[in-house]
Amino acid sequence: MKMSENLISKIKNEVKKSGHPVSLRASIILNKKGWYVRNAPRYFDPNLKNSREIDIVAQRKSIYDAIDVLIIECKKSKDKSWVFFRQNKLNTEVLSLNVDMSETTEGAIYDWLERNVFKKHYYYRRPCYTYYFVANANPDSKVGKQIFDATEQVLGALRFYFVQRANLISEYRLRVPMFFYPIIVFDGKMFEVSVEEADINIKETNWISLWIEKELEEPLLMRLLYKQGFRRIVYSKPIIIDIVKLDYFEEFLKNFDKLSSDQI
């Protein structure tokens, strides 16, 4: 009996160290909010030539009968805070939305979104953050690379689901768009830093929007709906990764409640 209690105590400690409780709590919140949740789905990454796993994929109906898809990686850090640098700009780039698009539209859906959706979307005029580090950690260590690794995990899954959706659109001519949102749910302390001339201001935060510029190997020529004959050359794709504290995650999800309830 005593040995069993010791074993249970050891297992409890291992559970606390793992990130699984974070994923479970985030899943429970999503279920409560009406999201359909897939836990730990696996997919094949052609770049790594290996299978990978993402913690959570959740989806729910959104505006105009579209579907919102959340691609979520969960992380935990007991004593190493995450620190992000706030830029002196707000997001006004419609291309930061991740929406599947049929080849026949030549990307014109973004022109439609800019006129009809984007200015009421929570991405619009969000503060942008770029540089980051893990405080009190060797940047070359596993802990020091935790933020970078987490972003690579959600970006890899985002690429997979984009391709999966594109194949469906190509074969079945689907008309219902999907919006994809890469998200990191973090159980730990987060800080934002703003640098103004000689002043460095630091404060704790619950949610930041990390701006990642993804360079395109082949620039895209996108059609503009409201300017006849015009095209926009796209050399890079901005991607927003929302990084949200676990304790704030339910509040963060209200952004999608507003999207689905608003008749934009």
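Residues numbered from 1 in each chain as written. Predicted model: local features only at pLDDT ≥ 70, side-chain atom pairs only at ≥ 80, totals over all residues. Heavy atoms only, no water.

Details of a nonpolar patch on the surface
Part 1: Residues Val195, Ile200 and Ile202 make up a contiguous nonpolar surface patch of about 310 Å² in total accessible area.
Part 2: As for its position among the elements, Ile200 is in strand β10 (residues 199–204). (Patch = residues over 30% accessible without salt bridge, like charges linked within 9 Å, V, L, I, M, F, W, Y side chains within 5 Å. Areas by Shrake-Rupley, 256 points an atom, 1.4 Å probe, with all protein chains shown as cover. Salt bridge = Lys/Arg side-chain N within 4 Å of Asp/Glu carboxyl O. Helix = DSSP H or I, 4+ residues; strand = E, 2+ residues; numbered from the N terminus.)

Here we look at the confidence of the model for the protein
Part 1: Looking at the protein, pLDDT values average 88 and 88% of them are 70 or higher.
Part 2: Helix α5 (residues 249–252) holds the highest mean pLDDT among the elements of the protein, 98, whereas helix α1 (residues 2–17) holds the lowest, 69. (pLDDT = per-residue confidence, 0-100.)

Structural notes on the packing of aromatic side chains
Ring pairs (aromatic) are described by centroid distance and by the angle formed between their planes.
Part 1: Counted under the stated rule, the structure contains 21 aromatic pairs.
Part 2: Here the aromatic rings of Phe85 and Phe133 are separated by 6.1 Å at their centres, their planes lie at 45°, and the arrangement is tilted. Of the two residues, Phe85 is situated in strand β6 (residues 82–90) and Phe133 in strand β7 (residues 127–134); the sequence distance between them amounts to 48 residues.
Part 3: Here the aromatic residues Trp35, Tyr122, Tyr123, Tyr181, Trp207, Tyr248, Phe249, Phe252 and Phe256 are joined through ring pairs into a cluster of three or more.
Part 4: Residue placement shows Lys89 over the ring face of Trp211; its charged tip is 4.3 Å from the ring centre.
Part 5: It is Arg126 that lies over the ring of Trp207; its NZ or CZ is 3.6 Å from the centre. (Phe/Tyr/Trp six-rings, centres within 6.5 Å; stacked < 30°, edge-to-face > 60°. Lys NZ or Arg CZ within 6 Å of the ring centre and 35° of its normal.)

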